[in-house]
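Residues per chain are reported as follows:
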Amino acid sequence: MELHIVTLFPGMFPGPFGGSILKRAQEKGLIDISIHGLRQFGLGRHQVVDDYPFGGGPGMVMRPEPWFAAVEAVRQAVAQEGRDPSTLPVVLLTPQGRLLRHQVARELAAKPGLILLCGHYEGVDERVRLHLAEDEISIGDYVLTGGELPAMVLVEAVVRLLPGVLGAAEGAWEDSLSSGLLEGPQYTRPREFRGWDTPEILLSGDHALVAQWRRQQALRRTRERRPDLLEGVELSRQDKKLLETNL
Ligand code: ADE
């Protein structure tokens, strides 16, 4: 998957992209990340990227020209390398976008690549949304100063879903998370820590019972903390029973 990130702050990216899963995915050749500084596409000698809002008001608005120029440069480079740039959707990171959920990450992971635009300041000229971005994504109902951290979050959420990025064991873990439920409790050694015990069932060696218990814990935790998630999950008769009984 090829990932292009257009940002005013290219220096923010090497750290988060230089470790763990993202580093490994790049080393394995599973993803190719390019960071494009927006400033180089700014206007005039001062490489201006923003201006006062028409109609007045506080703050600045990002001008459309640098964004269009940046995306056009990316598309041209992609085409020159023999790939079809129209297969790479342009995604604007903004608190007004659709919420990044597991399903959205899956949808994006199915694309051959993405062009991510990190907005800044008070906002971005509406024509960028209307005529350049094909998708707008928010990472949550809070406002950050810019789209850089959201772009990093999106990249991490998407890349870990690509085949071959996670090892087999981590991949199995992914399957359980994608059930739409919150994960239940996990325990490792020591069996007893400061007087707090590990649930007996996990030590029973009865795999079927352990699986049932885990499912029950996941269901209960989800009902307790995120009942909204349960609405999107088809509960089997066994699930309904598990919710009510004690193992
Ligand atoms: N830019 C600023 N806040 C954001 C958010 N919550 N999600 C995506 N982009 C943003």
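Every value quoted in this text rests on a predicted model; they were computed, and no experiment measured them.

Calculation rules
- Residues numbered from 1 in each chain as written.
- Predicted model: local features only at pLDDT ≥ 70, side-chain atom pairs only at ≥ 80, totals over all residues.
- Heavy atoms only, no water.
- Near = heavy atom within 4 Å.
- Polar contact = N/O pair within 3.5 Å; in protein donor to acceptor, adjacent residues only side chain to side chain.
- Areas by Shrake-Rupley, 256 points an atom, 1.4 Å probe, with all protein chains shown as cover.
- Helix = DSSP H or I, 4+ residues; strand = E, 2+ residues; numbered from the N terminus.
- Domains from an automatic or database assignment.
- Pairing = 2+ DSSP bridges.
- Axes fitted to C-alpha atoms, helices over the stretch in contact; angles between N-to-C directions.
- Contact = heavy atoms within 4.5 Å.
- Expected span 1.5 Å × (residues − 1).
- Parallel < 35°, antiparallel > 145°, perpendicular 65-115°, else oblique.

All right, on to the site of the ligand then. Inspection of the region around the ligand gives Leu 93, Thr 94, Pro 95, Ile 137, Ser 138, Ile 139, Gly 140, Tyr 142, Val 143, Leu 144, Gly 146 and Pro 150 as its neighbouring residues. Note that a nitrogen atom of the ligand is positioned 3.1 Å from one of the backbone N or O atoms of Thr 94. Starting from 260 Å² of accessible surface for the ligand in isolation, the protein chains cover 97%. Elements with a minimum of two residues in the shell around the ligand: strand S5 (90–99) and strand S7 (135–138).

We now examine the domain arrangement of the protein. Annotation of the protein at the domain level lists domain 1 (2–159) and domain 2 (176–244). Once you take the C-alpha centre of each, domain 1 and domain 2 turn out to be 38 Å apart.

Further remarks concern the sheet that holds strand S2 (residues 32–37). The strands that make up a sheet are held in pairs by hydrogen bonds between backbone atoms, and each pair lies either parallel or antiparallel. Taken in spatial order, the 5 strands line up as S2-S1-S6-S5-S7 in an open sheet, and their pairing is parallel. The open sheet has two edge strands, S2 and S7, and neither has a second partner. Adjacent strand axes in the sheet meet at a mean angle of 35° when their direction is disregarded. Bridge count for S5 against strand S6 (residues 113–118) is 4 bridges, and the pairing is parallel. Paired with Val 90 across the two strands is Ile 115, which belongs to S6. Here helix H3 (residues 64–80) sits on the sheet in contact with strand S1 (2–7), S2, S5 and S6, set at roughly 160° to S6.

Taking 1.5 Å per residue as the helical rise, helix H8 (residues 207–225) with its 19 residues ought to reach 27 Å, and the 27 Å between its terminal C-alpha atoms agrees with that figure. Contacts from the buried residues of H8 go to helix H9 (227–230) and helix H10 (237–244).

Attention now goes to the packing of helix H4 (residues 102–109) against helix H6 (residues 148–159). Each pair of packed helices can be summarised by the angle the axes make with each other and by the distance between the axes. Between H4 and H6, the least distance of the axes is 8 Å, while the angle of their chain directions is 75°. Classified by the angle between their axes, H4 and H6 sit roughly perpendicular to one another. Each of Ala 105, Leu 108 and Ala 109 in H4 lies in contact with H6, whose residues at this interface are Leu 154, Ala 157 and Val 158.

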